[in-house]
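What follows is each chain in one-letter form.
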Amino acid sequence: GLGIYPTTKGIPELRAAITDWLSRRFGIPAEFISSEHHILPVSGTREALFSFAQCIIDPTEKPVVIMPNPFYQIYEGATLLAGAEPYFLNTTEASGYLPDFNSVPEAIWQRCQLIYICSPGNPSGAVISQSEQEKLIRLSEQYDFIIASDECYSELYDDEDNPPVGLLQTAYTMGNTAFKRCLVFHSLSKRSNAPGLRSGFVAGDTDILKSYFQYRTY
């Protein structure tokens, strides 16, 4: 296998393993997650979180990308290089170190094309509740923006009986079984202490992943 270039979609066995884990971990029945259509392996989520914005942002529309603050620097860099304006949601002690979606002005939501969320959050570890994720999904339906959920820390938590909820899990429980406008980013870097392996994946909305797959082939 070292003598040939890998495909952009990775080997079927890898996609199948990712699909099986997503189904088990987030309680989504296997028939709702397809390894062929809902999964795209990536070379670690750092490059994926960056390149995703370059793929889906339309810079001619005066776009805004919303992100938590403090933030992983890739969110801001990806936004600026995609030709968009960053809008920072300060995650302060008063808000439990969580983004307050109610504080975002309507004018910002109307220009929003993408929002980055991170749960459990970096650096606080704060977890966005399922009810808040539901609120965000309803906002995405109303204003037609994409949610990029950075879930690289999903397996680092205190209560073994209460793992953090994931965005696709929330979408499924809402009846959004096609995961419309919802993408999650996972990586082996933190959960498996393997940052040098550069192994991650993006999962969610099939139509968005089709565009992102085409982008990544280049």
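Residues numbered from 1 in each chain as written. Predicted model: local features only at pLDDT ≥ 70, side-chain atom pairs only at ≥ 80, totals over all residues. Heavy atoms only, no water.

(A) Here's a closer look at the packing of aromatic side chains. Within the structure shown, the criterion is met by 11 aromatic pairs. Between W21 and F201, the aromatic rings sit 6.4 Å apart at their centres with planes inclined by 75°, giving edge-to-face as the arrangement. With W21 in helix 1 (residues 12-26) and F201 in strand 7 (residues 200-204), the pair connects residues that are 180 residues apart, well separated along the chain. Under the relative-accessibility criterion, W21 is labelled buried at 15%. The exposure class of F201 is buried, given its relative accessible area of 7%. An angle of 15° between the planes, with centres 6.4 Å apart, marks the rings of W109 and Y143 as stacked. Of this pair, W109 sits in helix 4 (residues 106-111) while Y143 sits in helix 5 (residues 130-143), and the two are 34 residues apart along the sequence. Take W109 and Y143: they sit in the same class, and that class is buried. One residue, K9, lies across the ring of F213, its end atom 5.9 Å from the ring centre. (Phe/Tyr/Trp six-rings, centres within 6.5 Å; stacked < 30°, edge-to-face > 60°. Helix = DSSP H or I, 4+ residues; strand = E, 2+ residues; numbered from the N terminus. Buried < 20%, exposed > 50% of the residue type's maximum accessible area, 1.4 Å probe, protein only. Lys NZ or Arg CZ within 6 Å of the ring centre and 35° of its normal.)

(B) Inspection of the pattern of salt bridges at higher detail. With the rule as written, the count across this model stands at eight salt bridges. Here E36 and R15 are joined by a salt bridge, their closest N and O atoms 3.1 Å apart. Taken together, the residues E36 in the loop between helix 1 and strand 1 (39-42) and R15 in helix 1 connect sequence positions 21 residues apart. Owing to a relative accessible area of 39%, E36 belongs among the partly exposed residues under this scheme. A salt bridge links E85 to R111, with the shortest nitrogen-to-oxygen separation between them at 2.9 Å. Of the two residues, E85 sits in strand 3 (residues 85-90) while R111 sits in helix 4, which places them 26 residues apart along the sequence. For E85, a relative accessible area of 38% puts it in the partly exposed group. Connected through shared salt-bridge partners, K9, R15 and E36 make up one network. (Salt bridge = Lys/Arg side-chain N within 4 Å of Asp/Glu carboxyl O.)

(C) Expanded view of the layout of surface pockets. In this structure, the largest pocket occupies an estimated 240 Å³ of space. If you add up the space inside the second largest pocket, you get close to 190 Å³. If you go around the second largest pocket, you meet 14 residues; those closest to its centre are I18, L188, R191, S199 and F201. Of all the elements in the fold, those that place two or more residues in the lining of the second largest pocket are helix 1, strand 6 (182-187), helix 7 (188-191) and strand 7. Per-element tally for the lining of the second largest pocket: the top contributor is helix 1, with four residues. When its residues are assigned to classes, the lining of the second largest pocket shows six nonpolar, five polar and three charged. (1 Å grid on protein atoms, 1.4 Å probe; cavity = no way out; pocket = protein on both sides within 12 Å on 5 of 7 lines; lining within 4 Å. Points joined across faces, edges and corners; volume = space filled by probe spheres on them. Nonpolar A, V, L, I, M, F, W, Y, C, P; charged D, E, K, R; others polar.)

Any functional reading would require information that these geometric values do not contain.
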